[in-house]
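In case you want the letters, here they are:
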Amino acid sequence: MPERRIILEMGTGNDLYGEDYTKAACRAVQDALHHSSIVLFKSLGIDHREMRIQVTIAVQVPERVDAAVVAAELPRGRAEVTVVHGGLNVHDPVQATTHVVATAGIAAFLPIEDGAWRLCNVNR
């Protein structure tokens, strides 16, 4: 059965003093999650374990993100985490610190039969 994307959320997170890329990534995921509420599972009787979650994290040093820790932030579905180059490092020369800013894109997919759902105009 083909999968269809049912939601796309974005978030940002940071670690201001520890240069912890995984912490910044987890905060970006939490930020994205706090922007959405997927009520269709309970409303339609769908098991949330059917949902595949595709997480893309962008940071300046991708190899410093523990993808398994980031995946554990997802409360529902089956998470797949990809870490790419992006985000932002802001260096503070006075304090000799680097502030890490991560961005996250989270897409959720469900197997949905062709023609099973359709949008309709309720104002007709």
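Here goes a summary of the coordinates provided.

What counts, and at which threshold
- Residues numbered from 1 in each chain as written.
- Predicted model: local features only at pLDDT ≥ 70, side-chain atom pairs only at ≥ 80, totals over all residues.
- Heavy atoms only, no water.
- Salt bridge = Lys/Arg side-chain N within 4 Å of Asp/Glu carboxyl O.
- Helix = DSSP H or I, 4+ residues; strand = E, 2+ residues; numbered from the N terminus.
- Buried < 20%, exposed > 50% of the residue type's maximum accessible area, 1.4 Å probe, protein only.
- Core = buried A, V, L, I, M, F, W, Y, C linked by side-chain atoms within 4.5 Å.
- Contact = heavy atoms within 4.5 Å.
- Polar contact = N/O pair within 3.5 Å; in protein donor to acceptor, adjacent residues only side chain to side chain.
- Pairing = 2+ DSSP bridges.

**Some thoughts on the pattern of salt bridges**
Okay, step 1: Under the counting rule described, the total for this entry stands at four salt bridges.
Okay, step 2: Between R64 and E19 there is a salt bridge; the shortest N-O distance is 3.7 Å. Here E19 lies in the loop between β1 (3-15) and α1 (21-33) and R64 lies in the loop between β2 (52-59) and α3 (67-71), a separation of 45 residues in the sequence.
Okay, step 3: Since its relative accessible area comes to 41%, R64 is described here as partly exposed.
Okay, step 4: According to the relative accessible area criterion, E19 is partly exposed, its value standing at 31%.
Okay, step 5: A network of salt bridges, in which partner residues are shared, links E3, R52 and E80.

**A few points about the nonpolar core**
Okay, step 1: Of all hydrophobic cores here, the largest spans 25 residues; its most connected members are V29, I53, V55, I57 and V70.
Okay, step 2: Listing elements by their share of this core, those giving two or more residues are α1, β2 and β5 (97-111).
Okay, step 3: When residues of this core are assigned to their parent elements, the largest contribution, seven residues, is made by α1.
Okay, step 4: Those residues in contact with V29 that sit more than four places away from it in its chain are V55, I57, V70, E73, L74, A104 and I106.

**Side note on unusual backbone geometry**
Okay, step 1: In this structure, E19 is a non-glycine residue whose phi angle is positive, near 50°.
Okay, step 2: Non-glycine residue A96 carries a positive phi angle of around 55°.
Okay, step 3: Here A96 shows up in the loop between β4 (88-92) and β5.
Okay, step 4: Exposure remark for A96: the relative accessible area of 62% places this residue in the exposed category.

**Thoughts on the side chain of D15**
Okay, step 1: Relative to the helices and strands, D15 resides in strand β1.
Okay, step 2: According to the relative accessible area criterion, D15 is buried, its value standing at 5%.
Okay, step 3: Among the polar contacts listed, one links the side chain of D15 to the backbone nitrogen of E19, at a separation of 3.0 Å.
Okay, step 4: Residue contacts for D15: discarding those within four places in its chain leaves D20, K23, A24, R27, T98, H99 and V100.

**So, the pairing of β5**
Okay, step 1: Of all 15 residues in β5, eleven are buried; the element is thus mostly enclosed.
Okay, step 2: Relative to β5, β2 is paired through seven bridges, and the arrangement is antiparallel. Bridge pairing in β5 links T56 to G105.
Okay, step 3: In terms of strand pairing, β4 meets β5 through five bridges, oriented antiparallel. Among the inter-strand pairings, L88 is bridged to a residue of β5, identified as V101.
Okay, step 4: Counting the residues that bridge the hairpin from β4 to β5 gives four residues, and of these A96 lies at a positive phi of roughly 55°.

Treat this as a map of the structure, not an account of what it does.
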